[in-house]
Amino acid sequence: MSKPRFRSVLDEYVAYRPGKVARSSEGRSYKLSSNESPYGPLPSVREVIADAGGLVNRYPDNGCTALIEAIAARHDVPAAHVAVGCGSVGVAQMLLESIGEPGVEVVYAWRSFEAYPTLADLSGVTSVRVPLTDETHDLRAMGDAITDRTGLVFVCNPNNPTGTAVRRRELEEFFDRVPQDCLIVLDEAYHEYIRDPEVPDGLELYADRPNLVVLRTFSKAYGLAGLRIGFMVAQEAIAEQVRKTYLPFSVNSVAQAAAIASLGAEGELLDRVASTVKERERVYDTLRARGWRVPPSEANFVWLPLGDDTMAFSAACDAAGVSVRPFAGEGARVSIGSPEENDAFLAVAELYRTAKEG
C-alpha cells in the first residue's frame with residue numbers, strides 16, 4: 001500500500017524538545033531547564049495583557065506597526081531596520097528562509113542553540129558545525145569554515161548552552177573576515193544579562209556592517225516567553241527581505257501589546273534582571289567553591305561540563321524535583337531561578353558531588 005510522500009529530511013529529523021519538568025516523590029518541582037524568567041509580568045503589563053485579551057476576536061496588526069515603532073524608539077534605530085517574529089527562533093527561521101536554497105551552507109558553533117540544526121534542515125540548507133574551544137566560540141575556525149557557499153553565520157553571544165561570550169576585538173576581527181554577501185546573525189537573546197564590559201552591544205556595531213543582523217527576544221529578560229515575540233535589527237535592505245518571509249499574523253495582538261508595555265516598564269524589568277544576575281553569581285561562586293568546573297556565564301544560566309556523568313547527574317536532579325537541561329555526553333545547563341529554586345539545585349548538586357567522591 002502506498003503512503004503519503006514527505007520530505008526525505010524528515011526521515012532522520014529530530015524535532016526540538018523543550019525543557020522537561022521533574023517532580024520529586026514528595027511533589028516538589030523546580031523547573032530550571034528552559035532559561036525562563038522566574039518572575040511573572042509586572043502588574044502594569046498584566047493589565048495591558050488582560051485588556052488586549054478582550055480583542056482577540058480580531059486579527060492582530062500584521063505589520064506589527066506600533067511594536068516596531070516602540071522597538072525602534074527604544075533602541076534609537078530606524079523602524080525600517082526592524083523585523084519581528086514569533087520569538088527570536090521565529091526570526092531565525094525567517095532569516096534562514098530568506099537565504100535557503102539547495103547548496104547553501106550555514107555555519108555555527110557546536111554546541112550552540114539547539115534549534116539551529118533543525119531550522120537549517122527545514123530550510124533546506126547544509127549545516128557546517130564548528131566545535132567550541134574551551135566552551136566558547138572558536139571564531140578563527142569558524143572563519144576558516146566559510147566558503148563561497150556560505151549564506152549565513154550564527155554567532156550566539158552569550159552562547160546557549162555554555163553561557164560564554166566573545167568580546168569586542170575578536171568579534172570585530174571575525175566580522176572583517178566574513179564576505180559581505182554572507183549574513184552574520186549575532187544572536188543576543190541573553191544580552192540583558194551581560195556584565196562584562198568587553199562584550200559589545202550588537203546594536204552599536206550593525207550601522208557600519210551591511211551584512212550584520214542583531215537578534216533579540218522578549219522571552220528572557222522581559223519575561224514574556226509564553227507570548228513569543230522576537231525581533232531583529234539590520235540594514236533596511238536586509239530587514240525588507242526578511243519581512244517577506246513573515247508568517248501572517250504569527251505575532252498575536254496580546255503579545256504585541258505586552259511587548260510595548262514591557263518596553264515602557266523597562267526600568268522595573270531590568271531591576272529584576274539585576275536580581276537574576278546576582279543569583280547567577282551566587283550559584284557560580286558556590287559551585288566553584290565546592291570544586292565544580294563551571295565556565296563564566298554572561299547569561300541567565302550556568303553550564304556544567306560533565307561529560308559522561310551528565311545523564312546520571314540529570315537523573316539525580318530529577319529525583320529531587322529539580323529539572324535541568326542535559327546534553328548527553330557533554331554537560332548540563334541549569335537556568336537561574338528564584339533563590340529557593342537555586343538553593344534546591346545547589347543542595348542536590350552537593351549531594352551528588354559528595355556521593356560521587358565517596
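Look up: the structure comes first, before these words.
First, a word on what this report is: a plain description of the structure on this page. Remember, predicted model here, so these are calculated numbers, not experimental data.

A closer look at the overall build of the protein
When helices and strands are counted, the protein shows eleven helices and twelve strands. Relative to the globule expectation of 21 Å for 358 residues, the C-alpha radius of gyration of the protein, 21 Å, shows essentially globular dimensions. In the protein, which comprises 358 residues, the proportion classed as buried is 54%. For the protein, contacts bridging at least 24 residues in sequence account for 72% of all contacts bridging at least 6.

Re helix α2 (residues 65-75)
Listed in full, the buried residues belonging to α2 are Leu67, Ile68, Ala70, Ile71, Ala72 and His75. Considering only its buried residues, α2 is in contact with β2 (82-85), β7 (212-217), β8 (230-233) and α8 (253-264). Taken from the residues just after α2, Asp76 is the one with a positive phi, measuring 55°.

Re the sheet that holds strand β6 (residues 183-187)
If you walk across this open sheet you meet the seven strands as β2-β8-β7-β6-β5-β3-β4, and the pairing is mixed. Whereas interior strands pair on both sides, the edge strands pair on one side only; in this sheet they are β2 and β4 (126-131). When the angles between neighbouring strand axes are averaged without regard to direction, this sheet yields 25°. Along the sheet face, α2 touches β2, β7 and β8 and points at about 125° away from the line of β2.

Re α8
Taking 1.5 Å per residue as the helical rise, α8 with its twelve residues ought to reach 16 Å, and the 17 Å between its terminal C-alpha atoms agrees with that figure. Every buried residue of α8 is listed here: Val254, Ala255, Gln256, Ala258, Ala259, Ala261, Ser262 and Leu263. Structurally, the start of α8 carries an N-cap: the backbone nitrogen of Val254 is 3.0 Å from a side-chain oxygen of Asn252.

Overview of a nonpolar patch on the surface
Taken together, the side chains of Phe6, Leu10 and Leu122 make up a nonpolar region of the molecular surface, amounting to roughly 310 Å² of accessible area. Tracing the sequence through the fold places Leu122 in helix α4 (residues 115-122). Looking at Leu122, the relative accessible area reads 34%, which means it is partly exposed.

Considerations on the pairing of β7
Burial runs high along β7: six of the six residues are buried. Bridge analysis of β6 against β7 gives four bridges, and the strand direction is parallel. Paired with Ile184 across the bridge in β7 is Leu212.

A short note on empty space enclosed by the protein
Throughout the structure, instances matching the rule amount to one cavity of 30 Å³ or more. Considered as a void within the structure, the largest cavity measures approximately 30 Å³ in volume. If you trace the largest cavity, you find it lined by Ser37, Tyr39, Gly40, Ala221, Tyr222, Gly223, Leu269 and Arg272. Grouping the amino acids of the lining of the largest cavity by side-chain chemistry returns four nonpolar, three polar and one charged.

Quick word on the pairing of strand β5 (residues 150-156)
Burial analysis of β5 places seven of its seven residues in the buried class, which makes it a mostly covered element. Relative to β5, strand β3 (residues 105-110) runs parallel, the two sharing four bridges. Among the inter-strand pairings, Tyr108 is bridged to a residue of β5, identified as Phe154. Viewed along the sheet, the connection from β5 through helix α6 (residues 168-177) into β6 turns out right-handed.

Details of the sheet that holds strand β9 (residues 301-304)
Taken in spatial order, the three strands of this open sheet run β9-β12-β11, and their pairing is antiparallel. Looking at strand neighbours, the two that pair on one side only are β9 and β11 (325-327), the edges of this open sheet. Recorded for the sheet is a direction-independent mean angle of 15° between the axes of neighbouring strands. One ladder, built from four bridges, connects β9 with strand β12 (residues 331-335); its direction is antiparallel. Within the sheet, the bridge partner assigned to Phe301 lies in β12 and is Ser335. Taken strand by strand, helix α10 (residues 310-319) contacts β9, β11 and β12, and its axis lies near 160° from that of β11.

Brief notes about the packing of aromatic side chains
Under the counting rule described, the total for this entry stands at 13 aromatic pairs. Plain terms: the ring middles of Phe218 and Phe231 are 5.8 Å apart, the flat faces sit at 50° to each other, and that makes the pair tilted. Residue Phe218 is located in the loop between β7 and β8, and its partner Phe231 is located in strand β8; the two are separated by 13 residues in the primary sequence. As far as burial versus exposure is concerned, Phe218 and Phe231 are alike and both buried. Ring plane angle 65° and centroid distance 5.5 Å describe the contact between Trp292 and Phe313, whose orientation is recorded as edge-to-face. Taken together, the residues span a long stretch of sequence, with Trp292 in the loop between α9 (266-289) and β9 and Phe313 in helix α10 at a distance of 21 residues. On the accessibility criterion, Trp292 (10% relative accessible area) is buried.

A closer look at the side chain of Ser34
Its location among the elements puts Ser34 in the loop between β1 (30-31) and α1 (43-53). Residues in contact with Ser34, not counting those within four places in the same chain, are Gly19, Lys220, Arg333 and Ser335.

Considerations on the packing of α9 against helix α11 (residues 339-357)
In the contact formed by α9 and α11, the axes pass within 11 Å of each other and the chain directions differ by 10°. In this view, α9 runs roughly parallel relative to α11, as classed from their interaxial angle. For α9 against α11, the interelement crossing comes out right-handed. On α11, the residues that touch Glu279, Arg282, Val283, Thr286 and Leu287 of α9 are Pro339, Asn342, Asp343, Phe345, Leu346 and Ala349.

Conventions we followed
Residues numbered from 1 in each chain as written. Predicted model: local features only at pLDDT ≥ 70, side-chain atom pairs only at ≥ 80, totals over all residues. Heavy atoms only, no water. Helix = DSSP H or I, 4+ residues; strand = E, 2+ residues; numbered from the N terminus. Rg over C-alpha atoms; globule rule 2.2 N^0.38 Å. Buried < 20%, exposed > 50% of the residue type's maximum accessible area, 1.4 Å probe, protein only. Contact = heavy atoms within 4.5 Å. Pairing = 2+ DSSP bridges. Axes fitted to C-alpha atoms, helices over the stretch in contact; angles between N-to-C directions. Expected span 1.5 Å × (residues − 1). Polar contact = N/O pair within 3.5 Å; in protein donor to acceptor, adjacent residues only side chain to side chain. Patch = residues over 30% accessible without salt bridge, like charges linked within 9 Å, V, L, I, M, F, W, Y side chains within 5 Å. Areas by Shrake-Rupley, 256 points an atom, 1.4 Å probe, with all protein chains shown as cover. Salt bridge = Lys/Arg side-chain N within 4 Å of Asp/Glu carboxyl O. 1 Å grid on protein atoms, 1.4 Å probe; cavity = no way out; pocket = protein on both sides within 12 Å on 5 of 7 lines; lining within 4 Å. Points joined across faces, edges and corners; volume = space filled by probe spheres on them. Nonpolar A, V, L, I, M, F, W, Y, C, P; charged D, E, K, R; others polar. Right-handed = clockwise from strand over helix to strand, strands pointing away. Phe/Tyr/Trp six-rings, centres within 6.5 Å; stacked < 30°, edge-to-face > 60°. Parallel < 35°, antiparallel > 145°, perpendicular 65-115°, else oblique. Left-handed = near helix turned anticlockwise from the far one by under 90°.

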